[in-house]
Amino acid sequence: MAKKIYDWEGGAILEDHTKKKHKILKEYFRKYLLTRCQLPQCEKFRVSIVDAFSGAGVYACNSFGSPLIFVEVLKNTTREINISRLGRGMKPIKIECILILNDKDKAAINHLKENISPLLAGIQEERQDLTIHTEYFCEDFDKLYPKIKNRLLQAKFNNVFFNLDQCGYTNVTSNIIRDITQSWRSAEILLTYMIASLLTYLSPASKNSNILEPEIKEKIFLLLEDKNINKQEWLSEAEIVVFRCFKGCATYISPFSINNPKGWRYWLMHFANNYRARQVYNDVLHDCGEAQAHCGKAGLNMLSYDPSEATQLYLFNSDSRHLAKESLYDDIPRLVAKSGDTMRINDFYAETFSETPAHSDDIHEMIIENPDLEVITEAGGTRKKPNTIKVTDTLKVCSQRSWFSMFKISEDKERSSNYAQKSNSEKKPSESDKPKSDKI
């Protein structure tokens with residue numbers, strides 16, 4: 001696939017999928033700062049931002065690109081945090097940032113320096129609570145990454161935020177993603193790419209195909225052959241391939257595409273090793289409703305998908321949240337029951353957010369609404385409101401379960417048994433029905 005070239009000198013066009021991506025980036029980075037700087041005893045926060053495919057920072061329509069978005073959010077959110085801290089009688093927090101900007105296009109970097117300098121100069125003159133050290137590079141990211149890694153480790157920046165918005169896929173492989181999440185105590189990554197380039201990279205004919213299981217290779221082959229990328233079934237299969245490809249790269253991975261009913265071509269993924277990061281990211285996706293798309297379950301097992309059942313697109317909007325609540329109502333007690341009828345909320349979060357697209361408020365609401373669950377405080381009391389649940393609480397299945405709950409469990413077992421029988425019968429055709437090929 002030919003690499004997409006942006007005409008930064010003539011004026012790069014801001015496409016719809018990029019608008020959606022920037023909306024998520026802007027809101028999530030703001031929530032990232034708010035979350036990381038909320039503790040009263042925290043008086044300094046050091047973070048490094050690596051924008052590995054930065055571009056020139058401004059589009060033809062004068063909209064900001066990712067480098068200027070980062071600077072603008074740093075400026076505005078630092079002010080927001082300290083105004084809030086002042087109102088609560090807390091000391092202000094100082095944020096120190098190393099901003100690393102790279103683009104292989106030298107002209108893009110030259111224009112970026114011109115575009116970003118007024119913002120940086122204003123911060124240097126006006127702000128005492130924010131310091132930004134900016135470094136520019138013009139290299140292939142896969143070759144530059146080892147230098148960036150050494151630079152940040154030597155500077156002892158434990159909090160790193162990588163924005164990897166590549167045109168294809170080969171510049172940022174799963175090996176680089178894995179190294180980032182394993183090298184820093186607190187690392188988060190936003191990865192953008194074209195799904196077709198990833199599928200080609202991992203295709204059975206590629207030298208990289210040996211990193212995947214045979215059944216995943218087969219799925220990739222079918223996806224490459226299938227031109228109906230506007231079908232929900234295609235999106236579901238692509239999500240599963242993406243998730244399996246990156247599964248070992250981080251504890252929490254969001255394998256969702258940028259929403260485009262005409263065809264899901266661009267993927268925007270979030271990687272983190274802390275459930276809190278995924279929790280906040282899910283909430284942001286709902287705040288930015290319909291920017292991303294998911295095809296699968298709306299509850300706790302997002303990649304569970306039965307093609308024989310009608311599956312509704314999960315677009316992180318109000319309709320999707322209603323769908324999620326219906327699933328969560330049954331999924332949550334089932335998960336707790338499998339864990340011995342009792343789970344610490346902290347452990348519940350750690351397991352839940354590995355495979356759910358749901359909003360944290362919806363999860364809390366369904367916990368409180370379900371008559372078969374109770375939330376016990378450290379002091380032995382019972383929580384009655386969703387917004388009062390704490391990580392130190394304990395989630396329990398009630399000893400006296402409702403008739404509906406027992407009926408539902410029995411119904412689930414019967415459905416699973418029937419589905420297994422159906423699958424087995426489909427896998428064992430009669431001799432006369434067997435195809436000539438081994439592939440079914």
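Computed from a prediction, not measured in an experiment: that's the story for all the values here. (Residues numbered from 1 in each chain as written. Predicted model: local features only at pLDDT ≥ 70, side-chain atom pairs only at ≥ 80, totals over all residues. Heavy atoms only, no water.)

Q: Looking at this structure, I do not really get the environment of Gln-128. What am I missing?
A: By secondary structure assignment, the location of Gln-128 is in the loop between α3 (106-126) and β3 (130-137). Exposure remark for Gln-128: the relative accessible area of 68% places this residue in the exposed category. On a C-alpha basis, the gap between Gln-128 and Ile-95 in space is 9.5 Å, while along the polypeptide they are 33 residues apart. (Helix = DSSP H or I, 4+ residues; strand = E, 2+ residues; numbered from the N terminus. Buried < 20%, exposed > 50% of the residue type's maximum accessible area, 1.4 Å probe, protein only.)

Q: Please clarify how the packing of helix α1 (residues 16-36) against helix α9 (residues 275-287) should be interpreted in this entry.
A: To characterise two packed helices, one gives the angle between the axes of the helices and the distance between these axes. As a packed pair, α1 and α9 sit with axes 10 Å apart at the nearest point and diverge in direction by 140 degrees. Taken together, the axis directions place α1 and α9 in an arrangement best described as oblique. Considering the relative orientation of α1 and α9, their crossing is right-handed. Contact residues: Ile-24, Glu-27, Tyr-28, Lys-31 and Thr-35 in α1; Arg-276, Ala-277, Val-280, Tyr-281, Val-284, Leu-285 and Asp-287 in α9. The class makeup of the residues in the contact of α1 with α9 is seven nonpolar, one polar and four charged. (Axes fitted to C-alpha atoms, helices over the stretch in contact; angles between N-to-C directions. Parallel < 35°, antiparallel > 145°, perpendicular 65-115°, else oblique. Left-handed = near helix turned anticlockwise from the far one by under 90°. Contact = heavy atoms within 4.5 Å. Nonpolar A, V, L, I, M, F, W, Y, C, P; charged D, E, K, R; others polar.)

Q: Explanation requested: the side chain of Ser-320 in the structure shown.
A: Among the structural elements, Ser-320 can be located in helix α10 (residues 318-338). On the basis of relative accessible area, Ser-320 is assigned to the buried category, the value being 2%. Excluding anything up to four places from it in sequence, Ser-320 contacts Leu-313, Tyr-314 and Leu-315.

Q: Just to check I follow, could you spell out the sheet that holds strand β13 (residues 394-397) for this structure?
A: Two pairing modes exist for strands in a sheet, parallel and antiparallel, and in both the strands are linked by backbone hydrogen bonds. Overall, antiparallel pairing links the three strands, which are arranged β11-β13-β12 in an open sheet. On the outer flanks of this sheet lie β11 (342-344) and β12 (373-376), each paired with one strand and no other. In this sheet, adjacent strand axes meet at a mean angle of 20 degrees when their direction is disregarded. Pairing of β12 with β13, which is carried by four bridges, proceeds in the antiparallel orientation. Following the sheet pairing, Glu-374 is matched in β13 by Lys-396. Those strands touched by α10 are β11, β12 and β13, and its axis lies near 95 degrees from that of β13. In this fold helix α11 (residues 345-352) packs onto β11 and β13, with an angle of close to 90 degrees to the strand it touches most, β11. (Pairing = 2+ DSSP bridges.)

Q: Would you mind showing me how to read the packing of aromatic side chains here?
A: Each aromatic ring pair is described using two quantities: the centre-to-centre distance and the angle formed by the ring planes. Under the counting rule described, the total for this entry stands at 21 aromatic pairs. Through successive ring pairs, a cluster of aromatic residues spans Tyr-28, Phe-29, Tyr-32, Phe-45, Phe-70, Phe-161 and Tyr-281. Against the face of Phe-157 rests Arg-46, its NZ or CZ located 3.9 Å from the ring centre. Just above the ring of Tyr-136 sits the side chain of Lys-113; from NZ or CZ to the centre is 5.2 Å. (Phe/Tyr/Trp six-rings, centres within 6.5 Å; stacked < 30°, edge-to-face > 60°. Lys NZ or Arg CZ within 6 Å of the ring centre and 35° of its normal.)

Q: Can you help me understand the nonpolar core in this one?
A: One broad rule of soluble globular proteins: the nonpolar side chains tend to lie buried together. Phe-141, Phe-162, Leu-164, Phe-246, Trp-267, Phe-271 and Ile-332 are the most contacted members of the largest nonpolar core, which has 124 residues in total. Counting residues in each nonpolar core, the second largest holds six residues, with Trp-8, Ala-12, Leu-14 and Ala-56 among its members. (Core = buried A, V, L, I, M, F, W, Y, C linked by side-chain atoms within 4.5 Å.)

Q: Whenever I open this one, the pattern of salt bridges confuses me. Can you help?
A: Side chains that differ in charge, positive against negative, can pair when their charged atoms come close. Applying the stated rule across the entire model yields 22 salt bridges. Residue Asp-16 pairs with Lys-20 through a salt bridge whose shortest N-O separation is 3.5 Å. Linking Asp-16 with Lys-20, this pair stays in helix α1, spanning four residues, or about one helical turn. We classify Lys-20 as buried; its relative accessible area is 19%. Residue Lys-31 pairs with Glu-27 through a salt bridge whose shortest N-O separation is 3.8 Å. Linking Lys-31 with Glu-27, this pair stays in helix α1, spanning four residues, or about one helical turn. Through salt bridges with shared partners, a single ionic network connects Glu-27, Arg-30, Lys-31, Glu-80 and Asp-287. (Salt bridge = Lys/Arg side-chain N within 4 Å of Asp/Glu carboxyl O.)

Q: Is there a simple way to think about the packing of helix α2 (residues 66-87) against α3 in this case?
A: Running from N to C, α2 and α3 point in directions that differ by 5 degrees, and their axes come no closer than 10 Å. Overall, the two elements α2 and α3 adopt an arrangement that is roughly parallel. For the pair α2 and α3, contact is made by Pro-67, Leu-68, Val-71 and Lys-75 and by Leu-112, Asn-115, Ile-116, Leu-119, Leu-120 and Ile-123, respectively. In terms of residue class, the contact of α2 with α3 is made up of eight nonpolar, one polar and one charged.

Keep in mind these numbers describe shape, not what the thing actually does.
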